[in-house]
Amino acid sequence: MAAVLAGCLLQSACGDRAAVSFDTSIDTRQLMNWMIDPSSKVVFGAAATIITEQGEQNVQPRTDEEWNHVRNNAVMVLEAGNLLMLEGRARPSSVQDVADWNAKARAMSTAARTAIEATDVKDPEALFAASGDIYQSCTDCHEKYIFTSPDGRQ
């Protein structure tokens, strides 16, 4: 009886998964402009050291509200990585390599996860490092998929 019940639950779970469809009418450019760019800019600007003639200024979130704002935007970046991996979102390049596209999207999400963890413990140095990793993941993707035409030219 237990085996039959487990089989029914497994079949039900698999059946529901197969029936799921996603609305991907927001294209990759829109996703970048409306979600990823604004959210990543919040994370990028949240922790820095600025040196001027007047001295050194440390930029970092100071209040719980500021830390939460950065965390919420890092969550948007992490989830945007998942959205980039949905069917139909991989951009054409000289080599259509969906596995590479997905790996780059995962790298962005992984770096954003590190930023979220830094906000959880309110560590501006870890947040700064994570924002650099997010930036690098974006640069790596843009180098292949944005700044290269479909025929491989730069």
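These figures come from a predicted structure and were not determined experimentally. (Residues numbered from 1 in each chain as written. Predicted model: local features only at pLDDT ≥ 70, side-chain atom pairs only at ≥ 80, totals over all residues. Heavy atoms only, no water.)

Draft legend 1. The confidence of the model for the protein, seen in detail. Looking at the protein, the pLDDT average stands at 86 and 79% of residues meet or exceed 70. The element-level mean pLDDT for the protein is lowest in helix H1 (residues 2-19), coming to 53, with helix H3 (residues 64-84) highest at 97. (pLDDT = per-residue confidence, 0-100. Helix = DSSP H or I, 4+ residues; strand = E, 2+ residues; numbered from the N terminus.)

Draft legend 2. How the structure looks around the pairing of strand E1 (residues 48-52). Across five bridges, E1 lies against strand E2 (residues 55-59) in antiparallel orientation. Within the sheet, the bridge partner assigned to Ile-51 lies in E2 and is Glu-56. Here E1 folds back onto E2 in antiparallel fashion, the turn holding two residues. (Pairing = 2+ DSSP bridges.)

Draft legend 3. Spotlight on the packing of helix H2 (residues 28-44) against H3. Running from N to C, H2 and H3 point in directions that differ by 150 degrees, and their axes come no closer than 8 Å. Judged by the angle between their axes, H2 and H3 are roughly antiparallel. Between H2 and H3 lies a crossing whose hand is left-handed. Mapping the contact onto sequence places Thr-28, Leu-31, Met-35, Ile-36, Pro-38, Ser-39, Ser-40, Val-42 and Val-43 in H2 and His-69, Val-70, Asn-73, Ala-74, Met-76, Val-77, Ala-80, Leu-83 and Leu-84 in H3. (Axes fitted to C-alpha atoms, helices over the stretch in contact; angles between N-to-C directions. Parallel < 35°, antiparallel > 145°, perpendicular 65-115°, else oblique. Left-handed = near helix turned anticlockwise from the far one by under 90°. Contact = heavy atoms within 4.5 Å.)

Draft legend 4. Region of the structure containing empty space enclosed by the protein. The final tally for this structure, using the stated rule, is one cavity of 30 Å³ or more. Taken as a whole, the largest cavity holds about 130 Å³ of empty space. Along the walls of the largest cavity sit 13 residues, with Met-32, Leu-84, Met-108, Cys-141 and His-142 positioned nearest its centre. Taken together, the elements giving at least two residues each to the lining of the largest cavity come down to H2, helix H4 (98-120) and helix H5 (124-145). (1 Å grid on protein atoms, 1.4 Å probe; cavity = no way out; pocket = protein on both sides within 12 Å on 5 of 7 lines; lining within 4 Å. Points joined across faces, edges and corners; volume = space filled by probe spheres on them.)

Draft legend 5. Spatial organisation of the side chain of Ser-109. Within the secondary structure, Ser-109 sits in helix H4. Of the residues examined, Ser-109 reaches a relative accessible area of 8% and is grouped as buried. When near neighbours in sequence (up to four residues on either side) are disregarded, Ser-109 contacts Val-77, Leu-78, Gly-81 and Asn-82. (Buried < 20%, exposed > 50% of the residue type's maximum accessible area, 1.4 Å probe, protein only.)

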